[in-house]
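These are the residues of each chain, in order.
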Amino acid sequence: MKSSERNFARRIDLTSLQLFVAVCELGSIGKAAEREFIAASAVSKRLSDLEATLDTPLLYRHTRGVDLTPAGESLLHHARSVLFSLEKMQGELSEYADGVRGHVRVHASISAIIQFLPEDLGDFIRQHGGIKIDLEEHLSTEVVRAVQEGTADLGVCNTANGTGELQTLPYRHDKLVLIVPKGHALIAQGAIYFAAALDDDHVGLHSNSSIYLAMRQAAAAVGRTIKLRIHVTGLDAMCRMIHNGLGVGVMPQRAFDLMHGVGELESVVLLDSWAERQIQLVARDFSTLPLTARLLVDHLTRQPLTA
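None of the values given here were measured: they were computed from a predicted structure. (Residues numbered from 1 in each chain as written. Predicted model: local features only at pLDDT ≥ 70, side-chain atom pairs only at ≥ 80, totals over all residues. Heavy atoms only, no water.)

> How should I be thinking about the pattern of salt bridges in this particular structure?
Between side chains of opposite charge, a pair can form when the charged atoms approach closely. Taken as a whole and assessed by the stated rule, the structure comprises 13 salt bridges. Among the ionic pairs, Asp-199 bridges to Arg-224, the shortest N-O distance being 2.9 Å. Taken as a pair, Asp-199 in the loop between β7 (191-192) and β8 (201-204) and Arg-224 in the loop between α9 (210-221) and β9 (227-231) lie far apart in primary sequence, 25 residues in all. You can call Asp-199 exposed: its relative accessible area is 55%. Judged by its relative accessible area of 35%, Arg-224 is partly exposed. (Salt bridge = Lys/Arg side-chain N within 4 Å of Asp/Glu carboxyl O. Helix = DSSP H or I, 4+ residues; strand = E, 2+ residues; numbered from the N terminus. Buried < 20%, exposed > 50% of the residue type's maximum accessible area, 1.4 Å probe, protein only.)

Rendered as structure tokens:
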């Protein structure tokens, strides 16, 4: 950290940040003072000092309360992030007193979470009861970004869109299939290329998901576009939409098999090369991970690669 950055960090007062966030949330210095049990004049003074430290106005003050300046909007975003990180730090550290010996922050794609991680993490926790896993679900691109930025120790996702300078290790393979309503005409073909499904309406995952990006690229390769009826955020929601006649969709075969009874549906094998996927573990540097994270990596890489 540069000297100027250290000086800036020392000048920023956390209590002032908390009061600033309270004022922004309530739109009034007086209401924030009441909620935080502090005199309104003291709140006003701290905000003025904060503006002086940052050398820019943060609030427009008027008789009805306050509004944020552009600089104030930026500070609010960062202040909330800082305070949230402090809350997480406090929560994690307090758990050490209860016998927790370490935390591992894991971000993973929905495919990894549904298909493989419940059993694998369950086995790990049974062997290492003092280690706590903090697991969050994100799109594969967001998983990679979280590892790059240090928000996550370990990522588990499909890395077809690249990982930059991050390191990867193989974790599992999965197979994408087309999900269709029972009795659909494509079932009779047994196996198809994705292009054969482009005449149908589609139920798609988030527009930035690795599966949907692969579908778009496959359609573009044959000069077509996907007739998207609706985006959903979960595979169970996709199945329900397909069951109710809103289109067809693409998801991992194992995930479909695990969702027993979610509609009268069938899967059709996709012959496209992108339908065969590798889910990988992602880290900045596996050798420098904390011991608890390295134990988890060792456990996950001992699992069979096939679904």
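> Is there a simple way to think about the environment of Gly-204 in this case?
Residue placement: Gly-204 occurs in strand β8. Judged by relative accessible area, which is 1%, Gly-204 ranks as buried. When the C-alpha atoms of Gly-204 and Val-269 are compared, they prove to be 17 Å apart, with 65 residues separating the residues in sequence. Not counting residues within four places of it along the chain, the set of residues in contact with Gly-204 comprises Tyr-212, Leu-228, Ile-230, His-231, Val-232 and Met-238. (Contact = heavy atoms within 4.5 Å.)

> Can you help me understand the packing of aromatic side chains in this one?
In total, this model carries two aromatic pairs according to the counting rule given. On the numbers, 5.6 Å between centres and 80° between planes, the contact of Phe-194 with Trp-274 is edge-to-face. Taken as a pair, Phe-194 in the loop between β7 and β8 and Trp-274 in the loop between β11 (265-270) and β12 (276-283) lie far apart in primary sequence, 80 residues in all. A cation over an aromatic ring shows up here: Arg-172 above the ring of Tyr-171, its NZ or CZ 5.5 Å from the ring centre. (Phe/Tyr/Trp six-rings, centres within 6.5 Å; stacked < 30°, edge-to-face > 60°. Lys NZ or Arg CZ within 6 Å of the ring centre and 35° of its normal.)

> Explanation requested: the environment of Glu-25 in the structure shown.
When you line up the elements, Glu-25 lands in helix α2 (residues 14-26). Considering only alpha carbons, one finds Glu-25 and Ala-255, 230 residues apart in sequence, at a separation of 41 Å. The contact partners of Glu-25, leaving out residues within four places of it in the chain, are Arg-35 and Arg-80.

> Which parts of the structure should I look at to understand helix α3 (residues 29-36)?
Residue pairs spaced three or four apart in an α-helix point in one direction, given the helix's 3.6 residues per turn. Three or more residues of α3 are buried, namely Ile-29, Ala-32 and Ala-33. One side of α3 carries all its buried residues, which in axial view fall inside an arc of 100°. Turned more than 90 degrees away from the buried face of α3, the exposed residues are Lys-31 and Glu-34. On its buried face, α3 sits against α2, α4 (40-54), β1 (59-62) and β2 (65-68). Once α3 finishes, Phe-37 follows within two positions and takes phi at roughly 55°, a positive value. (Arc of directions from axis to C-beta.)

> What exactly am I supposed to notice about the packing of helix α7 (residues 117-127) against helix α12 (residues 291-301) here?
Two numbers describe a pair of packed helices, the interaxial angle and the distance between the axes. Contact pair α7 / α12: the axes reach a minimum separation of 10 Å and the direction vectors enclose 125°. With respect to α12, the axis of α7 lies oblique. At the point where α7 passes α12, the crossing takes the right-handed sense. Residues Leu-117, Asp-120, Leu-121, Asp-123, Phe-124 and Gln-127 of α7 pack against Thr-292, Leu-295, Leu-296, His-299 and Leu-300 of α12. Taken together, the residues that form the contact of α7 with α12 break down as six nonpolar, three polar and two charged. (Axes fitted to C-alpha atoms, helices over the stretch in contact; angles between N-to-C directions. Parallel < 35°, antiparallel > 145°, perpendicular 65-115°, else oblique. Left-handed = near helix turned anticlockwise from the far one by under 90°. Nonpolar A, V, L, I, M, F, W, Y, C, P; charged D, E, K, R; others polar.)

> Help me understand the nonpolar core, please; the structure alone is not making it clear to me.
Note on soluble globular proteins: their nonpolar side chains tend to be buried together. Counting residues in hydrophobic clusters, the biggest one holds 36 residues, and the most contacted among them are Leu-178, Phe-194, Met-215, Val-250, Met-251, Leu-270 and Trp-274. In terms of residues, this core owes the most to one element, α9, which gives six residues. With near-sequence residues (within four places) excluded, Met-251 lies in contact with Lys-175, Leu-176, Val-177, Ile-179, Ile-211, Leu-235, Met-238, Cys-239, Phe-256 and Met-259. Membership of the second largest hydrophobic core comes to 23 residues, among which are Val-106, Leu-117, Phe-124 and Leu-300. (Core = buried A, V, L, I, M, F, W, Y, C linked by side-chain atoms within 4.5 Å.)

Everything listed here is a matter of coordinates, which is why it stays silent on function.
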